[in-house]
Amino acid sequence: MDPQAAKMIGAGIACIGMGGAGVGVGTIFGHYLAAALRNPSAAQGQFGNLIFGFAVTEALGIFSLLIALLLLFAL
Amino acid sequence: MDPIHQFQIKSLFPIAHIGNTEIAFTNSALFMLIAVALISFLMLGTTRSRALVPGRLQSLAEMSYEFVASNVRSTAGTEGLRFFPFVFTIFMFILVVNVVGIIPYAFTVTSHIIITVALALLVFFTVIIYGFWKNGLGFLKLFVPSGIPIYILPLVTFIEVMSFLSRPVSHSVRLFANMLAGHITLKVFGGFVVMLSAFGVLGWLGALLPLGLTIALTALELLVAALQAYVFAILTCIYLNDAIHPGH
């Protein structure tokens, strides 16, 4: 196979990982919203945890995007 | 229209030569200096009057101070406040550098992994050195959680050590990759506008869609810039908390 084509296919495959991060971020915000509607007075106190969980989860998706970008532009 | 072109480091003027390596004043260094000048102006210049009723800029400085201080207090405890200047410096530097980077034609310092790795390793070694200095060998309790059955303890310890060692990697790559990916996305959508508008009047109408998306993405990038600075600072607090209070 042409190495350039293999690189493009690899970049596409690497992006699949972002789907998992999408599921994770959706779970975090969905559960936060569900909990916040049950007990709105406690919601403000958990905002820091929400953002922290969001960042940690999102980072994994960004990692796979990074692999794709490296394949496309850097390697 | 190469989306990577914006991250090129250009030498503005050379300073010295060490062996074959040229030490130069680059655009990266220039934007770091701009960020430091902006922060100094915000923190020193606007609070000079010490008004009892603060003006806009003074209250901005006070708010950022109180925001970081309350975060440090809630994550690392009152003892963590001795690291407040450290965390505040990191937060303000990353925030200002990220926000300045969104301005068109500006250079994003944090889109280079060497910068974020330097910051993350600074935090990493601060945690290790302060942890051992304050707790002695008790710092190693961090890797041996209490209340774990003895037969899975080796495995858990191994996992804890591995997760501790991978911290600087995830800490730095998160910030770097977020900025890099965001700016590449902006550039790619900006490229669509140019490509479509080459097709004449109909193309101009079509170009409105990616143009609107670019504006929306810039707003998102502004959020991400502030969020990543916050996340970097809060993770610094959490890691410092491990050094101050080891053991789970």
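Preceding this paragraph is the structure being described.
Okay, so let's go over this structure. Remember, it's a predicted structure, so these values are computed and weren't measured experimentally.

Criteria and thresholds
Residues numbered from 1 in each chain as written. Chains lettered and ligands numbered in written order. Predicted model: local features only at pLDDT ≥ 70, side-chain atom pairs only at ≥ 80, totals over all residues. Contact = placed C-beta atoms within 7 Å. Helix = DSSP H or I, 4+ residues; strand = E, 2+ residues; numbered from the N terminus. Nonpolar A, V, L, I, M, F, W, Y, C, P; charged D, E, K, R; others polar. Axes fitted to C-alpha atoms, helices over the stretch in contact; angles between N-to-C directions. Left-handed = near helix turned anticlockwise from the far one by under 90°. Parallel < 35°, antiparallel > 145°, perpendicular 65-115°, else oblique. Buried ≥ 20, exposed ≤ 12 C-beta atoms within 10 Å, placed from the backbone. Pairing = 2+ DSSP bridges. Expected span 1.5 Å × (residues − 1). Core = buried A, V, L, I, M, F, W, Y, C linked by C-beta atoms within 7 Å.

Now for the interface of chain B and chain A. Residue-level contacts link 13 residues of chain B with eleven residues of chain A. At the level of elements, α6 (167-197) and α7 (201-244) of chain B are the ones that each hand at least two residues to the side of chain B that touches chain A. Take the side of chain B that touches chain A: its biggest share by element is eight residues, from α6(B). Per-class residue counts for the side of chain B that touches chain A are ten nonpolar, two polar and one charged.

Turning our eyes to something else, we now look at the packing of helix α1 (residues 27-45) of chain B against helix α3 (residues 84-102) of chain B. All names here are of chain B. Taken N-terminus to C-terminus, the directions of α1 and α3 make an angle of 115°; their axes are 9 Å apart at the nearest point. In terms of crossing hand, the pair formed by α1 and α3 is right-handed. On α3, the residues that touch F31, M32, I34, A35, L38 and I39 of α1 are M92, F93, V96, V97 and V100. Here the contact of α1 with α3 is built from residues that sort into eleven nonpolar, no polar and no charged.

Let's shift gears to the packing of α3(B) against α7(B). Residue and element names in this part refer to chain B. Where α3 contacts α7, the two axes come as close as 9 Å, and the packing angle between them is 165°. The orientation of α3 relative to α7 falls into the category roughly antiparallel. The chirality of how α3 crosses α7 is right-handed. Counted together, V87, I90, F91, I94, L95, N98, V99 and I102 of α3 and T218, E221, L222, A225, A226, Q228, A229, F232, A233, T236 and C237 of α7 form the full contact between these two elements.

Bringing the pairing of strand β2 (residues 21-26) of chain B into the picture now. Residue and element names in this part refer to chain B. Taking burial as the measure, the six residues of β2 include zero buried ones, a minor fraction of the element. Here six bridges tie strand β1 (residues 11-18) to β2, and the two strands are oriented antiparallel to one another. Within β2, the residue paired with F13 across the bridge is F25. The hairpin formed by β1 and β2 contains two residues between the paired strands, and G19 there has a positive phi angle of roughly 65°.

Next up on the list: helix α1 (residues 3-14) of chain A. Its twelve residues give α1(A) an end-to-end C-alpha distance of 16 Å, which sits within 8% of 16 Å, the value for a rise of 1.5 Å per residue. Among the twelve residues of α1(A), zero are classified as buried, and the element is accordingly described as predominantly exposed.

All right, on to the nonpolar core then. V87(B), I90(B), F91(B), I94(B), A229(B), F232(B) and A233(B) are the most contacted members of the largest nonpolar core, which has 47 residues in total. Of all the secondary-structure elements, those providing two or more residues to this core are α4 (47-74) of chain A together with α2 (56-76), α3, α4 (113-135), α6 and α7 of chain B. Of all the elements, α7(B) adds the most residues to this core, at twelve residues. Setting aside residues up to four positions removed in sequence, I90(B) forms contacts with L119(B), F232(B), A233(B) and T236(B).

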